[in-house]
Amino acid sequence: ADQNVRNSMACNTLIIGHRGASRDAPENTLASIRLAFEQGADGIEADFRLTGDGRIVCLHDERTARTSDGDLAVAQMSLPELERLDFGSWKGAQWRGERIPTLREILALLPQGKRIYIELKSGTEIVPKLKEELAASGVPAEQVRFLAFDAGLIKAVKEELPAYRACWLTDYRYRNGWRPSHQEIIATLAGCGADGLASSDKGALDSELVRELRQRDLELHVWTVDRARAARRLLLLGVDSIMTNRPGWLRDALGDK
Ligand code: G3P
Ligand code: CA
């Protein structure tokens, strides 16, 4: 029956590997990203920040302690210093030796037609470098989405890289329980020139919000969806993509594609 739901909808909802295939492989590494594509993901999401020597690397946290064998502050280190760390072993011995990837390396392995969601974890100082890297990569703008929690950063991205789409991230848990109303969401998106919303607030996503976004030609992406039941509801709502730590499993569970 689940297969029928998905097939009968001619579903366009993309399945995006959150930090790659991060349930199975060390998050935000090339191994994790490659695995997501091997598992049939339509794209990947990954987190990016600037190093002390002005390179863009892929890491969620400000420091390296949680996901490597050292504790360094990324913004104060050079790329060669960060490259000495092992970002795989914490996940299991088979991943030993995974290095911190650069945005350049990730763009170079992006399969044709597949998406990359570039979540920006640094401030606006990352934008000029971003512009340079994307231009050099030759990856078409349609394959790229920028994500950021900071609406000011979305605004800066849209000013510098108008050909690319950027979506504002919201998670009410990060805002001391404050849940923006539909009007507040739409006003924030309009204020920063965003092309859509990316939300973790699954309970608050309803057909009314989807309709309001669609009327304005705005996208809707949702994270993190690791359960088939939640995913099915979002498919029925017609969201543009769901970000999951388990892209292969979810794809199978939904009877895709
Ligand atoms: O991009 C969506 C999501 O990844 C944002 O939260 O903390 O997992 O980077 P976080
Ligand atoms: Ca992220």
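Placed above this text is the structure.
Read on for an overview of the structure. Keep in mind that what you see is a predicted model, and the values were worked out from it rather than measured.

## A short note on the overall build of the chain
Okay, step 1: On a plain count of helices and strands, the chain comes out with ten helices and nine strands.
Okay, step 2: Against the globule reference of 18 Å for 257 residues, the chain gives a C-alpha radius of gyration of 18 Å, in line with a compact fold.
Okay, step 3: The principal-axis extent of the C-alpha atoms belonging to the chain is close to 50 × 40 × 40 Å.
Okay, step 4: When burial is assessed residue by residue, the chain has 42% of its 257 residues classed as buried.
Okay, step 5: Long-range pairs, those at least 24 residues apart, make up 60% of the contacts in the chain with a sequence separation of at least 6.

## Let's talk about helix H9 (residues 228-237)
Okay, step 1: Considered for burial, the residues of H9 that qualify are Ala231, Leu234 and Leu235. What you see down the axis of H9 is that its buried residues fit within an arc of 105°, all on one side.
Okay, step 2: Phi turns positive one or two residues past the end of H9, at glycine 238, with a value near 80°.

## Quick notes on the nonpolar core
Okay, step 1: Residues Phe146, Leu197 and Ile242 are the most contacted members of the largest nonpolar core, which totals 65 residues.
Okay, step 2: The biggest single contributor to this core is helix H2 (residues 30-38), with five residues.
Okay, step 3: Sequence-distant contacts of leucine 197, defined by excluding residues within four places in its chain, comprise Cys167, Trp168, Thr170, Ile185, Leu189, Leu213, Leu218 and Leu220.

## Section: helix H5 (residues 127-137)
Okay, step 1: Of the residues making up H5, those classed as buried are Leu130, Glu133 and Leu134. What you see down the axis of H5 is that its buried residues fit within an arc of 95°, all on one side. Turned more than 90 degrees away from the buried face of H5 sit Pro128, Ala135 and Ala136, all of them exposed.
Okay, step 2: Buried residues in H5 make contact with strand S3 (56-58), helix H4 (103-109) and strand S5 (144-148).
Okay, step 3: Trailing H5 by a residue or two, glycine 138 shows a phi angle of about 75°, which is positive.

## Here's the deal with the pairing of strand S8 (residues 219-222)
Along any regular strand, the residues point their side chains to alternate faces of the sheet.
Okay, step 1: Here strand S7 (residues 196-199) runs beside S8; their pairing, made up of four bridges, is parallel. Bridge pairing in S8 links alanine 198 to histidine 221.
Okay, step 2: After leaving S7, the chain enters helix H8 (residues 207-215) and then returns to the sheet as S8, a path that is right-handed.
Okay, step 3: Judged from the two bridges that link them, S8 and strand S9 (residues 241-244) form a sheet pairing that is parallel. Bridge pairing links histidine 221 to serine 241 in S9.
Okay, step 4: In the classification by handedness, the crossover that spans S8, the intervening H9 and the parallel S9 is right-handed.

What counts and what doesn't
Residues numbered from 1 in each chain as written. Chains lettered and ligands numbered in written order. Predicted model: local features only at pLDDT ≥ 70, side-chain atom pairs only at ≥ 80, totals over all residues. Helix = DSSP H or I, 4+ residues; strand = E, 2+ residues; numbered from the N terminus. Rg over C-alpha atoms; globule rule 2.2 N^0.38 Å. Buried ≥ 20, exposed ≤ 12 C-beta atoms within 10 Å, placed from the backbone. Contact = placed C-beta atoms within 7 Å. Arc of directions from axis to C-beta. Core = buried A, V, L, I, M, F, W, Y, C linked by C-beta atoms within 7 Å. Pairing = 2+ DSSP bridges. Right-handed = clockwise from strand over helix to strand, strands pointing away.

Fair warning: the whole summary comes from geometry, so function is off the table for now.
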